[in-house]
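Chain and residue survey
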Amino acid sequence: MTMIKYLFITLLCCSCTPGGAQKSDLKWTKPDLKGHWKLYDTEIVDKVPFLNLQAPNPNPMNMVFEDSPWDSYTEFDLVFEADSMYMVNYPIQAFTTVHYFLDSGYLHVGPKGKTDAYPVELVNDTLVLYRPLRSEPGYFKEKYLRTSFNDSILNVMEKYGVNYPELAGTWMLVREEDYDYGTHYELRFPHSIPDSIEFSREQMLAALGNQKIYMLSTDGIKRDYFFWYHKSRIYFKPGKWYKEGDDPVIHFYRK
């Protein structure tokens with residue numbers, strides 16, 4: 001399973017079924033979603049009032065034992081074009097385009113013929129989308145406002161996935177950290193590397209559509225590393241010169 005598929009399943013994993021609402025009682029106007037939507041607020045709720053729908057129990061196969069439902073939550077903006085939708089972390093990253101359609105209070109999203117359904121309504125100028133929690137009954141209630149993302153930036157994000165020029169600047173090496181729910185990370189790398197790196201815009205422009213290589217000072221010598229962006233971090237993997245075996249998981253966060 002590719003990283004994109006995994007991310008998509010993580011974010012849109014639990015299908016909502018319309019069983020809790022009577023269509024004859026539903027007062028719902030089909031919203032026009034075409035355009036750009038900026039997420040501005042998220043809260044956890046236990047029901048969808050306009051559908052009179054209570055939060056379902058999570059599928060045991062999808063249970064994730066976490067300290068909080070927020071541990072697995074990731075914020076995304078949305079772009080709707082004709083019958084396709086994609087999630088964006090504007091202005092940095094865009095994810096795989098999927099098919100969508102609207103029907104009786106639900107946004108159906110996914111590959112054609114295999115969509116999941118999520119309660120959705122337009123309240124004044126606010127798009128409200130409900131996504132079920134994975135680890136307990138409840139919904140993430142997400143509120144979006146219409147916006148106008150830069151089309152040139154969106155085109156780069158759509159074409160390359162990651163808008164690398166936007167990542168130019170100073171990045172700090174992660175040597176040790178605690179994350180998620182009790183996981184501790186400590187860099188174990190038998191070579192000396194600097195605590196920070198600087199990406200120029202020219203370097204990041206060259207990274208679009210090309211092999212991403214950074215010459216990093218290692219024990220005082222410039223060595224080649226492959227790099228990529230994922231979930232707000234830039235990861236480095238040593239080139240063929242590295243013979244020690246295990247991936248040291250070298251990663252940097254933005255200063």
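Look up a bit, the structure's there.
To keep things clear, this report deals only with the structure shown in the data block. (Residues numbered from 1 in each chain as written. Predicted model: local features only at pLDDT ≥ 70, side-chain atom pairs only at ≥ 80, totals over all residues. Heavy atoms only, no water.)

Counting its regular elements, the chain contains 3 helices and 19 strands. The buried share among the 255 residues of the chain stands at 45%. Taking all contacts inside the chain whose residues are at least 6 apart in sequence as the whole, residues at least 24 apart take part in 61%. (Helix = DSSP H or I, 4+ residues; strand = E, 2+ residues; numbered from the N terminus. Buried < 20%, exposed > 50% of the residue type's maximum accessible area, 1.4 Å probe, protein only. Contact = heavy atoms within 4.5 Å.)

Glancing now at the pairing of strand S15 (residues 196–199). Residues Ile197 and Phe199 line the buried face of S15, whereas the alternating positions Ser196 and Glu198 sit on a face that is not buried. Pairing between strand S12 (residues 169–173) and S15: 4 bridges, direction antiparallel. Paired with Met172 across the bridge in S15 is Ser196. (Pairing = 2+ DSSP bridges.)

Let's shift gears to the side chain of His99. Mapped onto the elements of the fold, His99 is located in strand S7 (residues 98–103). Overall, His99 belongs to the buried group, its relative accessible area being 18%. In this structure the side chain of His99 is engaged in a polar contact, spanning 3.3 Å, whose partner is the backbone oxygen of Asp83. Once you skip the residues sitting within four places of it in the chain, His99 turns out to touch Asp83, His108, Val109, Gly110, Lys112 and Thr115. (Polar contact = N/O pair within 3.5 Å; in protein donor to acceptor, adjacent residues only side chain to side chain.)

Looking at where Arg233 falls in the secondary structure, it is placed in strand S18 (residues 233–238). In this structure the side chain of Arg233 is engaged in a polar contact, spanning 3.4 Å, whose partner is the side chain of Glu177. Each residue touching Arg233, except ones within four places of it in the same chain, is listed here: Trp171, Val174, Glu177, Trp228, His251, Phe252 and Tyr253.

So, on to the nonpolar core. By size, the foremost hydrophobic cluster in this structure holds 34 residues, and its most contacted members are Leu33, Leu78, Phe80, Met85 and Leu107. Breaking this core down by element, the ones donating at least two residues are strand S1 (35–45), strand S4 (77–81), strand S5 (84–89), S7, strand S8 (106–110), strand S9 (116–123), strand S10 (126–132) and strand S11 (139–147). The biggest single contributor to this core is S10, with 4 residues. For Phe80, the residues in contact, after removing those within four places along its chain, are Leu33, Lys34, Gly35, Trp37, Met85, Tyr100, Leu107 and Leu127. With 27 residues, the next largest nonpolar core counts Ile92, Leu167, Phe199 and Leu208 among its residues. (Core = buried A, V, L, I, M, F, W, Y, C linked by side-chain atoms within 4.5 Å.)

A word on unusual backbone geometry. Trans is the prevailing form of peptide bonds, just as negative phi is the prevailing case for residues other than glycine. For the bond running from Tyr90 to Pro91, omega is 5 degrees, close enough to zero to count as cis. In this fold, Pro91 is placed in the loop between S5 and strand S6 (93–94). You will see that Ala82, though not glycine, has its phi angle at about 55 degrees, which is positive. Within the secondary structure layout, Ala82 lies in the loop between S4 and S5.

Taken by themselves, the reported measurements are silent on function.
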